[in-house]
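# Working through the structure, step by step
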Amino acid sequence: WGAKGHGLTSMKNMEKELLCPVCQEMYKQPLVLPCTHNVCQACAREVLGQQGYIGHGGDPSSEPTSPASTPSTRSPRLSRRTLPKPDRLDRLLKSGFGTYPGRKRGALHPQVIMFPCPACQGDVELGERGLAGLFRNLTLERVVERYRQSVSVGGAILCQLCKPPPLEATKGCTECRATFCNECFKLFHPWGTQKAQHEPTLPTLSFRPKGLMCPDHKEEVTHYCKTCQRLVCQLCRVRRTHSGHKITPVLSAYQALKDKLTKSLTYILGNQDTVQTQICELEETVRHTEVSGQQAKEEVSQLVRGLGAVLEEKRASLLQAIEECQQERLARLSAQIQEHRSLLDGSGLVGYAQEVLKETDQPCFVQAAKQLHNRIARATEALQTFRPAASSSFRHCQLDVGREMKLLTELNFLRVPEAPVIDTQRTFAYDQIFLCWRLPPHSPPAWHYTVEFRRTDVPAQPGPTRWQRREEVRGTSALLENPDTGSVYVLRVRGCNKAGYGEYSEDVHLHTPPAPVLHFFLDGRWGASRERLAISKDQRAVRSVPGLPLLLAADRLLTGCHLSVDVVLGDVAVTQGRSYWACAVDPASYLVKVGVGLESKLQESFQGAPDVISPRYDPDSGHDSGAEDATVEASPPFAFLTIGMGKILLGSGANAGAGLTGRDGPAASCTVPLPPRLGICLDYERGRVSFLDAVSFRGLLECPLDCSGPVCPAFCFIGGGAIQLQEPVGTKPERKVTIGGFAKLD
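Read on for a plain summary of the structure. Small disclaimer: the values here were computed from a predicted structure and weren't measured.

Before going further, it helps to spend a moment on helix α10 (residues 362-384). Ala369 marks where α10 bends most, by close to 35°. Ala369, Leu372 and Ala379 are the residues of α10 that are buried.

The subject of this paragraph is the pairing of strand β4 (residues 123-127). The pairing of strand β3 (residues 113-116) with β4 spans 4 bridges and is antiparallel. Bridge pairing in β4 places Phe115 opposite Val124. With antiparallel pairing between neighbouring strands as the criterion, β3 and β4 make up a hairpin whose turn holds 6 residues, including Gln121 at a positive phi of roughly 60°.

Time to look at the sheet that holds strand β5 (residues 135-136). Read from one edge of the open sheet, 3 strands run β2-β1-β5, paired in antiparallel fashion. Looking at the sheet topology across the chains shown, the edges are occupied by β2 (38-40) and β5. Of the strands in this sheet, β1 (30-32) and β2 touch helix α2 (residues 41-50), which is tilted by about 85° from β2.

Where helix α9 (residues 348-357) contacts α10, the two axes come as close as 11 Å, and the packing angle between them is 150°. By the angle class used here, α9 and α10 are roughly antiparallel. Between α9 and α10 lies a crossing of left-handed hand. Between α9 and α10, the residues in contact are Leu349, Tyr352, Ala353, Val356 and Leu357 and Phe365, Ala369, Leu372, Arg375, Ile376 and Ala379, respectively. Across the contact of α9 with α10, the residue classes tally to 10 nonpolar, no polar and 1 charged.

Moving on, we come to the packing of aromatic side chains. Enumeration according to the criterion identifies 8 aromatic pairs in this entry. Here Tyr430 and Tyr580 contribute two aromatic rings whose centre-to-centre distance is 6.3 Å and whose plane-to-plane angle is 65°, an arrangement assigned as edge-to-face. In this pair, Tyr430 sits in the loop between β13 (428-429) and β14 (433-438) while Tyr580 sits in strand β26 (residues 578-585), placing the two residues 150 residues apart along the sequence. The same class applies to Tyr430 as to Tyr580, namely buried. We note Arg492 situated over the ring of Tyr504; from NZ or CZ to the ring centre the distance is 3.8 Å. One cation-aromatic arrangement involves Arg540 over Phe521; the distance from NZ or CZ to the ring centre is 5.4 Å.

Calculation notes
- Once a new chain begins, its residue numbering starts again from 1 and follows that chain's sequence as written.
- Local features in this predicted model are restricted to residues of pLDDT 70 or higher, and side-chain atom pairs are both shown and tallied only at a pLDDT of 80 or more, whereas totals for entire chains, interfaces and linings draw on every residue.
- Think of the side-chain values as coming from all heavy atoms in the structure, minus any hydrogens and water.
- Bend, in this description, refers to the angle at a residue between axes fitted to the seven residues ending there and the seven starting there.
- Secondary structure is summarised from DSSP: a helix means a run of H or I of at least four residues, a strand means a run of E of at least two, and numbering begins at the N terminus for each.
- Partly exposed residues are those whose accessible area sits between 20% and 50% of the maximum for their type, while under 20% is buried and over 50% is exposed, using a 1.4 Å probe and protein chains only.
- Each pair of strands is called paired provided DSSP finds at least two bridges between the two strands.
- Between two residues, a contact is recorded if the distance between any of their heavy atoms is within 4.5 Å.
- Axes, fitted as lines to C-alpha atoms, cover a helix only where it is in contact. Angles between the N-to-C directions of the axes lie from 0 to 180 degrees.
- The scheme is simple: roughly parallel for angles under 35 degrees, roughly antiparallel for over 145, roughly perpendicular for 65 to 115, oblique for anything else.
- It is the rotation of the near helix from the far one that decides the hand of a crossing: anticlockwise by less than a right angle makes it left-handed, clockwise makes it right-handed.
- Charged means Asp, Glu, Lys or Arg here, nonpolar means Ala, Val, Leu, Ile, Met, Phe, Trp, Tyr, Cys or Pro, and polar covers whatever is left, Gly included.
- A pair of Phe, Tyr and Trp rings is counted when the ring centres sit within 6.5 Å of each other, with Trp represented by its six-membered ring. The angle between the planes then sorts it: under 30 degrees is stacked, over 60 is edge-to-face, the rest tilted.
- Either the NZ atom of lysine or the CZ atom of arginine qualifies as a charge over a ring when it sits within 6 Å of the ring centre and within 35 degrees of the ring normal.

Structure follows, in structure tokens:
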């Protein structure tokens with residue numbers, strides 16, 4: 001009983017999974033939409049009717065054709081009547097050949113019916129046949145029926161053919177689609193008729209076909225098309241619609257999907273503690289959201305009230321200024337009015353002047369009239385040049401609040417910065433990792449950034465991926481010091497402001513050099529011709545200017561000439577360990593050799609004549625220190641990579657230039673495009689030199705090298721060319737140096 005009670009509880013708890021999203025009632029003859037959601041057939045028809053589709057089609061087998069649906073056969077006492085066949089119009093409507101908006105008779109391209117799914121809020125395409133092309137979800141119908149039985153335990157199913165009061169049903173008939181008591185079943189299935197062949201079933205409220213039928217061909221589905229993700233019948237398989245599709249038997253699809261569902265369900269049931277913990281966490285998040293939302297409301301209200309207080313204070317101040325100006329003007333105008341009133345006949349100044357004029361004593365008159373005359377003169381002048389003492393306009397008190405109104409209109413919540421964009425042109429790894437980024441154009445500003453990085457070539461540790469962080473990075477670039485050599489780092493960055501942290505940028509992967517970076521400068525004391533070579537002031541770039549011998553060699557009338565080989569060395573010598581450095585070669589260089597060699601052999605070669613005959617002469621053949629007398633296994637004293645006209649020469653030419661001789665003979669010559677930067681990796685103990693693409697760290701060539709003494713970086717020029725050493729990241733200057741028209745590369 002405990003298990004049974006638990007099962008009933010589970011059935012009752014899943015009621016919301018059995019509700020139609022349209023009518024919010026239990027599913028009745030649910031149809032499976034192409035988006036995998038379900039909807040009642042009647043609801044689907046109603047939705048399509050509201051959209052203006054008429055005759056969208058449906059499943060004819062789903063229409064009620066039971067005796068209980070015919071009023072003339074409601075009671076076994078009534079005479080039996082044959083069921084009328086649906087007319088031609090009904091058959092056309094149910095088969096999906098109706099008309100709908102935009103459809104014309106004989107149209108070559110009929111309109112495709114679109115159904116607004118109420119679950120995913122998207123429009124799904126039903127095809128030309130509309131609902132007639134959809135499958136019924138019989139499994140969902142069975143689940144709904146079991147649910148109805150579980151919530152109404154003890155409720156009997158009544159006979160649909162008895163007259164009131166009906167008896168309890170004891171049988172059901174799938175063909176008749178009705179439930180019967182014993183008496184009614186015998187009455188509607190008389191002996192000796194075709195209905196007597198109907199097989200009785202248990203009484204039910206929902207009748208379904210025995211199996212899924214293809215809506216196009218009315219055949220039982222036997223296969224599953226993985227391409228279309230749709231059940232198909234035998235006829236569908238041979239049709240052109242599924243030509244070339246991956247089709248499997250329905251048993252295989254059933255077993256595979258059942259295994260996946262069982263595995264997922266087992267995982268969920270086995271992690272109920274985790275589910276409960278996450279529910280508690282979500283409930284706690286809900287509580288925090290309510291509290292934080294209330295706090296945010298109070299903060300906004302307080303800020304708006306603060307703005308209101310500032311505006312009110314400013315309003316009072318401005319009104320006070322206007323009031324003071326108004327009182328001052330009124331006082332001046334009042335005084336002017338009083339002065340003019342004193343000029344009226346018989347009052348004020350005029351009356352006094354009239355009385356003074358009556359004085360006959362001349363000395364006394366002169367004494368009194370002198371001051372009076374001045375006042376009368378001023379009054380006369382005021383009458384002649386009348387002007388109000390103050391203006392009545394207050395235009396100077398007008399406010400321009402356009403900017404403030406715009407600011408208030410645009411007043412909005414702070415937004416976090418958008419995901420930064422990594423500048424891949426300026427981001428690279430050398431002795432250190434230099435990461436550069438920028439914010440999108442319309443992104444809110446960031447106060448600072450957080451840079452996260454980790455190695456991807458280390459064994460994964462259990463648990464979440466751990467990132468190393470560089471917090472509160474100012475600016476739009478960061479320097480990561482002391483990275484591990486020969487590793488792959490993944491980096492990302494995000495911005496932060498008062499609103500919080502924004503989204504992470506896309507991950508960028510950087511390869512670090514395979515060995516520690518060797519820092520050196522170019523040394524022009526050995527083999528460098530001041531006439532043809534120009535070394536930059538910082539001694540990290542060199543340009544070779546072609547001279548007259550090369551111009552003469554280009555003359556086709558000449559059969560031979562002298563060519564100059566100019567060599568520049570690095571100012572360091574390697575005597576142990578592994579070292580790496582990189583350089584950029586100008587793609588317009590005529591012929592350049594980049595590599596290493598024994599310091600003693602290089603210096604010996606400079607003491608001899610540097611000019612050789614033939615413009616096709618390989619300068620390395622004179623630097624192999626008697627390689628003709630050496631054995632095949634002896635390592636050459638030089639190792640160079642040949643570059644010319646934007647190409648790298650590999651194979652026999654490269655091997656010969658590097659002093660390589662193999663037992664199997666030289667490989668066939670080939671060329672590869674010149675990368676933006678070349679990398680040279682020297683392993684002194686192993687006596688090997690590797691040439692790499694310094695951007696992707698793809699290997700180009702590996703050569704043996706005689707490391708019996710100090711080894712120096714070397715660069716050879718034949719004709720015009722330019723080389724720029726890659727500068728260390730930590731001391732990279734923010735400037736460009738131009739040497740003879742060749743700009744240094746960043």
